[in-house]
Amino acid sequence: MKTQWKKWIAPVVRNRSILAVVFINILLAAVALFKDIILAAYLGTSAQADAFTLAFFIPDMVGNNLVAAAVGVSCVPLFARLHQDKPAGLRNLVIAINLLVSGVMVILAVLLFGFGGQVVAWVGAGFPAAIKASCTRLLLIMLPTVLLYPLAAVGLSVLQVRARYLGNAFAPVLFNGLFLAGIAGCLALRVPIETGVYIIAVCVLAAEAIVALYIGVLVITSGDRQPAAPFRAGAFCEAYGTLRLSFDYVLILLFSQGVMYVERFLFSQAGEGSVAALNYAYRIAQFPVWVFASAVMLVVFPQLSRAVSADPERAQALLGKAVYYTLLLNIPILIALFVLRVPIVTIVFEHGSFGAASVRITASILGGYALTILGQSFSAVMIRYIIAANRTRPAVWIYLTTAVVNIAVDLLFVRIWGVYSIGYGSALASILTVALLLLHFRMGTQLRAGLPKLLTAGLANLAMLAICILCLVLWNFRFHNAAFPAKILFAFCGALTACAVYGASLKACTRRRA
């Protein structure tokens with residue numbers, strides 16, 4: 001008889017697509033982390049770091065985190081059904097969506113070009129005038145990425161439904177690698193940071209252009225070898241329907257980005273380098289969501305999209321597995337990031353211009369953001385199920401409610417404990433989001449049936465918590481003043497021990513339940 005261990009864990013191991021994407025995402029995380037390390041060593045938490053961070057944030061928020069994310073996710077359900085039933089019509093729909101999206105983004109780019117200075121003055125209200133001027137110039141350099149991000153996202157959706165998971169997953173690795181090359185070049189050549197930020201901005205634009213070209217080549221070469229259907233104007237109607245669905249998701253993302261805007265506004269008034277520290281902490285906390293939740297949904301989402309209407313029971317089963325696999329991997333990372341936030345920030349970022357004061361600021365912010373990991377991982381899975389089922393309108397109101405609560409709690413916590421307590425407001429809002437999604441959508445028998453598995457995983461993490469506390473004690477008494485090679489060895493041994501203990505305790509708990 002199979003043990004519960006084999007029943008619950010073996011499917012993850014056997015799914016080579018998910019494992020391959022996880023490994024590429026780990027490579028992505030390593031490249032992105034190394035990029036952040038080099039960027040922190042080069043810019044630190046200086047005024048120039050604040051200017052670049054804000055200038056990068058604005059087009060990234062509009063083009064990537066809002067429009068590209070919404071369009072990319074919303075296209076997958078329709079693309080998946082067309083690829084299965086009418087593959088010849090997929091090309092026409094892709095062309096129509098790209099034309100519509102390009103028109104909208106050109107208008108947005110023109111508006112940002114004309115009012116970029118006012119946008120910077122609004123978002124970075126606490127910045128000095130010289131930093132606002134530098135930020136505006138950097139924004140104009142990176143502005144064309146607003147158009148490139150959505151076009152790349154549509155191409156990635158095509159690759160996803162064609163099961164070209166590795167090519168899809170490698171695109172952000174390529175972007176971050178080129179971004180890293182620009183920063184490393186400035187650091188190696190000792191370019192003054194006042195000039196280097198402009199060189200890095202040009203590298204960001206070039207990197208996204210190369211990635212868009214890479215995705216376009218993959219889409220063309222991965223297509224079915226059959227004559228394409230003649231392009232008809234009716235494709236614009238289907239494209240409009242897809243984009244109308246994506247509008248609800250844009251609203252959901254806009255609420256999240258609104259929270260991020262408020263957080264950056266508050267930090268812009270907290271002193272030099274605070275916005276950069278917020279960005280470093282946020283990126284560390286996003287690591288498990290990028291690596292594991294995105295890997296699971298990259299593979300599962302097309303299958304889920306096809307099953308929602310054709311086989312609802314299978315769709316529920318896929319949803320339950322996606323939630324379980326994601327949380328199984330992310331709970332121990334949450335514990336490690338929260339308990340060991342000071343050692344992690346010290347080892348990763350304390351180099352060059354990033355000193356002890358920067359470590360304290362970043363670690364303080366990371367404490368709250370680490371607690372958002374479970375809520376964000378759950379939401380990343382659930383929102384794709386909601387889009388596949390075309391039930392986005394109730395979700396819009398849920399995310400609006402939690403965004404308002406998040407901002408209100410942030411303002412309250414800032415008044416009581418100071419600006420570095422902001423992450424805890426996001427943690428409370430993420431818990432509320434999960435609760436409201438579960439209550440409204442009545443997440444069915446599969447999620448309820450998976451509750452014992454999640455409780456078992458929770459028990460297994462008690463050993464993980466004990467190991468992390470022990471590592472923190474060792475850090476405080478022995479390693480916090482050690483040489484950097486000793487800190488690296490400490491981190492490696494601690495991570496290896498934690499993984500071994502978590503695996504053994506998870507296996508023991510599941511066998512005990514069997």
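Here the structure is a predicted model, which means the values were calculated and not measured. (Residues numbered from 1 in each chain as written. Predicted model: local features only at pLDDT ≥ 70, side-chain atom pairs only at ≥ 80, totals over all residues. Heavy atoms only, no water.)

Draft legend 1. Main features of a nonpolar patch on the surface. A contiguous nonpolar patch, built from L465, I469, V473 and F477 and spanning about 390 Å² of accessible area, is present on the exposed surface. By secondary structure assignment, the location of L465 is in helix α18 (residues 451–479). A relative accessible area of 33% means that L465 is categorised as partly exposed. (Patch = residues over 30% accessible without salt bridge, like charges linked within 9 Å, V, L, I, M, F, W, Y side chains within 5 Å. Areas by Shrake-Rupley, 256 points an atom, 1.4 Å probe, with all protein chains shown as cover. Salt bridge = Lys/Arg side-chain N within 4 Å of Asp/Glu carboxyl O. Helix = DSSP H or I, 4+ residues; strand = E, 2+ residues; numbered from the N terminus. Buried < 20%, exposed > 50% of the residue type's maximum accessible area, 1.4 Å probe, protein only.)

Draft legend 2. Spotlight on the packing of helix α10 (residues 274–310) against helix α14 (residues 373–388). Interaxial distance between α10 and α14 falls to 9 Å at its minimum, and their mutual angle equals 20°. Comparing the axis directions of α10 and α14 gives the class roughly parallel. Viewed along their axes, α10 and α14 form a crossing whose handedness is right-handed. Counting all contacts with α10, which are made through A285, Q286, P288, V289, A293, M297, F301, L304, S305 and V308, the residues of α14 involved are I373, Q376, S377, A380, V381, R384, Y385 and A388. Among the residues making up the contact of α10 with α14, the classes are represented as 13 nonpolar, 4 polar and 1 charged. (Axes fitted to C-alpha atoms, helices over the stretch in contact; angles between N-to-C directions. Parallel < 35°, antiparallel > 145°, perpendicular 65-115°, else oblique. Left-handed = near helix turned anticlockwise from the far one by under 90°. Contact = heavy atoms within 4.5 Å. Nonpolar A, V, L, I, M, F, W, Y, C, P; charged D, E, K, R; others polar.)

Draft legend 3. Inspection of helix α7 (residues 165–188) at higher detail. Counted at 1.5 Å a residue, the expected span for α7 with its 24 residues is 34 Å, and the 35 Å between its end C-alpha atoms agrees. A171 marks where α7 bends most, by close to 25°; the proline P172 follows one to four residues later. Immediately downstream of α7, the backbone of R190 shows phi near 55°, a positive value. (Expected span 1.5 Å × (residues − 1). Bend = angle between axes of the 7 residues up to and from the residue.)

Draft legend 4. Layout of the packing of helix α6 (residues 145–161) against α7. Running from N to C, α6 and α7 point in directions that differ by 155°, and their axes come no closer than 7 Å. By the criterion of interaxial angle, the relationship of α6 to α7 is roughly antiparallel. Where α6 crosses over α7, the two elements pack in a sense that is left-handed. In contact with Y149, L156, L159 and Q160 of α6, α7 contributes Y165, N168, A171 and F175. Taken together, the residues that form the contact of α6 with α7 break down as 6 nonpolar, 2 polar and no charged.

Draft legend 5. Geometry of the pattern of salt bridges. By the definition in use, this model includes 3 salt bridges. The closest approach of N and O atoms between K35 and D36, which form a salt bridge, is 4.0 Å. The two residues K35 and D36 agree in class, both being buried. Note that D36 and R283 form a salt bridge whose closest N and O atoms lie 2.7 Å from each other. One end of the pair, D36, is in helix α2 (residues 16–43); the other, R283, is in helix α10, and 247 residues separate them in sequence. With respect to burial, D36 and R283 carry one shared label: buried.

Draft legend 6. Structural context of the side chain of S421. Tracing the chain through its elements places S421 in the loop between α15 (392–417) and α16 (422–441). Assessed through its relative accessible area of 8%, S421 is described here as buried. Only 3.2 Å separates the side chain of S421 from the backbone oxygen of F413, close enough to count as a polar contact. The residues touching S421, leaving out its near neighbours within four places in the chain, are F413 and V414. (Polar contact = N/O pair within 3.5 Å; in protein donor to acceptor, adjacent residues only side chain to side chain.)

Draft legend 7. Fine view of helix α13 (residues 356–370). Compared with the 21 Å implied by 1.5 Å per residue over 15 residues, the 20 Å span of α13 between its first and last C-alpha is a close match. For α13, a buried count of 11 out of 15 residues is recorded, marking the element as mostly surrounded by other parts of the structure. Of the positions making up α13, those classed as buried are S358, V359, I361, T362, A363, I365, L366, G367, G368, Y369 and A370.

Draft legend 8. Fine view of the nonpolar core. Ranked by internal contacts, the top residues of the largest apolar core, which has 172 residues, are F52, F79, I97 and F349. At 22 residues, helix α3 (residues 47–85) tops the list of elements feeding residues into this core. (Core = buried A, V, L, I, M, F, W, Y, C linked by side-chain atoms within 4.5 Å.)

Draft legend 9. Quick look at the packing of aromatic side chains. Scanning all chains against the criterion turns up 10 aromatic pairs. Connected via pairs of aromatic rings, a cluster forms that spans F52, F56, F175 and F179. In this structure, R341 packs its charged tip against the face of F338, placed 4.7 Å from the ring centre. Stacked on the ring of F479, the Lys or Arg R478 has its end atom at 5.6 Å from the ring centre. (Phe/Tyr/Trp six-rings, centres within 6.5 Å; stacked < 30°, edge-to-face > 60°. Lys NZ or Arg CZ within 6 Å of the ring centre and 35° of its normal.)

Function-wise, these values are silent; they only describe arrangement.
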